[in-house]
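Understanding the architecture of this molecule
Listed below are the residues making up each chain.
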Amino acid sequence: MLNFCGGVMFHHFHDRSKHIASQGSMDGGAFCRLLHFLKECGYAILDPEEYICKALRDALQPYETCVTFDDSLKCQFDIAKPILDGIGMKAFWFVYTSPMCGELERLEVYRHFRFSRFADVEDFYSQFFKNVMEGEHDLGISYAESSEGFLRSGYCGDFAFYTESDRKYRYFRDIVLGPEKYFAIVDKMISDSGYDAQSHRDVLWLSEGDIERLHGEGHYIGLHGHTHPTNMGELPYCLQMSEYRRNSDIIQSIVGSRPEVVSYPCGSYNGDTESIMRELGVVLGFDAQAKTVIFDKMHIPREDHANIVREMRSGGIGF
Ligand SMILES: [Zn+2]
């Protein structure tokens, strides 16, 4: 039985032609069934305008939810948007903006590399850890000790939809290696394989024109940082501010107004984030985790679509 409050969070979609299937991705049919299932469970899916209005008045009911897309993904525009169009529904789109400035943001490039070049994600993880082990001397770490540290940490244990390998990979990426060493490892894997990120750019991210069109059609474009740091809450005030300000400036230049709603990348924030949001005029914020109550407008919970899919499967709904 579904029992969440707040929004529903979507990331990747796949089809039979342009967009490859990847971990946690869903096709258009599954998206339709999920929206239908939410309604069957008694949820009312509100358009962003109504959702914002009610949230600001503290008038949201526990059964009122909204559709949110994170990460500026073209697959959301190509696959989910036509379905929303068909039923006259609008959504929040939380976009990071560096791809619109020509950056090939690693977050998405790495994911595409993982799923287009390896048999499955476990195959990628084993190659990744092989590279970590082989490079441990240069990296200045001990693979064995770090692996033990991971087991003790229970890292990302709250994210039920992550496998043990997903959690271990994230522990090494975020805790053991840090951005520089992590990038060095995966960049080496990419160059060893001959993968060409530039050629996939238009398949991965929304363009400015897509964002302009979404806004024009009544969808809401919100903040998600400029380069999508995965550890935003650990960055110093000035870096967080520059991430969110640049993001806000670019969105304003496309849609004509400053976004007043944020989704914190990877749900990561700290006390500084709050003052930055106040300074940028942000009045509503979405977390990346589910809860059963909303008690803070700057931290509205969200249920990941994967948890809803699991609930559907347990109820015998084909997926
Ligand atoms: Zn994100």
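Look above for the structure.
Residues numbered from 1 in each chain as written. Predicted model: local features only at pLDDT ≥ 70, side-chain atom pairs only at ≥ 80, totals over all residues. Heavy atoms only, no water.

With respect to the coordination of the zinc ion
To be explicit about the condition: For Na, K and Ca the donor cut-off is 3.2 Å, and for all other metals it is 2.8 Å, counting N, O and S atoms only; because water is absent from this set, sites may look incomplete. Per the convention used, a helix needs a DSSP run of H or I reaching at least four residues, while a strand needs a run of E reaching at least two, with both numbered from the N terminus. Relative accessible area decides the class of each residue, using a 1.4 Å probe on protein chains only: under 20% of the type maximum gives buried, over 50% gives exposed, and in between gives partly exposed.
Coordination of the zinc ion by the protein is provided by Asp71 (OD), His224 (NE2) and His228 (NE2), with metal-donor distances spanning 2.0 to 2.1 Å. The sequence motif formed by the donor residues of the zinc ion is D-x152-H-x3-H. Of this pair, Asp71 sits in the loop between β4 (67–70) and α3 (74–86) while His228 is found in the loop between β6 (220–223) and α11 (237–255), placing the two residues 157 residues apart along the sequence. Classification of Asp71 as buried rests on a relative accessible area of 5%.

Points about empty space enclosed by the protein
Heads up, the rule is: Definitions used for this entry: grid spacing 1 Å over protein atoms alone; cavity, a set of points where a 1.4 Å probe fits but cannot get out; pocket, an open set with protein on both sides within 12 Å along at least 5 of 7 lines; lining residue, one with an atom within 4 Å of a point. Grid points are joined across faces, edges and corners, and a volume is the space filled by probe spheres set on the points. Residues were grouped as follows: Ala, Val, Leu, Ile, Met, Phe, Trp, Tyr, Cys and Pro as nonpolar; Asp, Glu, Lys and Arg as charged; and all remaining residues, including Gly, as polar.
The final tally for this structure, using the stated rule, is one cavity of 30 Å³ or more. Quantified by volume, the largest cavity comes out at close to 160 Å³. Looking at the largest cavity, it is lined by 13 residues, and the ones nearest its centre are His12, Ile20, Glu108, His112 and Leu204. Elements that contribute at least two residues to the lining of the largest cavity include exactly α4 (106–117) and α9 (201–204). Counting residues per element, the lining of the largest cavity draws most heavily on α4, which supplies three residues. Broken down by class, the residue content of the lining of the largest cavity amounts to six nonpolar, four polar and three charged.

Examining the environment of Asp138
For Asp138, the position within the fold is in helix α6 (residues 136–139). Classification of Asp138 as exposed rests on a relative accessible area of 74%.

Observations concerning helix α12 (residues 271–279)
Here is the rule: As used here, the arc is the angular range of directions from the helix axis to the C-beta atoms. Only heavy atoms enter the contact rule, under which two residues are in contact if any of them lie within 4.5 Å. Polar contacts, as used here, are pairs of N or O atoms within 3.5 Å; protein pairs need one atom able to donate a hydrogen and one able to accept it. Residues neighboring in sequence count only if both atoms are side-chain atoms.
Considered for burial, the residues of α12 that qualify are Thr273, Ile276 and Met277. For α12, the buried positions fall inside an angular range of 100 degrees around the axis, keeping them on one side. Opposite its buried face, α12 presents the exposed residues Gly271 and Arg278, each directed more than 90 degrees away. The inward-facing, buried residues of α12 abut α11 and β7 (261–263). Two to three positions downstream of the cap, the backbone nitrogen of Asp272 sits 3.0 Å from a side-chain oxygen, assigning the N-cap of α12 to Asn270. Of the residues flanking the end of α12, it is Gly281, one or two places downstream, whose phi is positive at about 75 degrees.

Considerations on the layout of surface pockets
Approximately 280 Å³ is the volume attributed to the second largest pocket. Mapped onto the lining of the second largest pocket, the elements with two or more residues apiece are α2 (48–56) and β6. Take the lining of the second largest pocket: its biggest share by element is four residues, from α2. Residues of the lining of the second largest pocket, tallied by class, amount to nine nonpolar, four polar and five charged.

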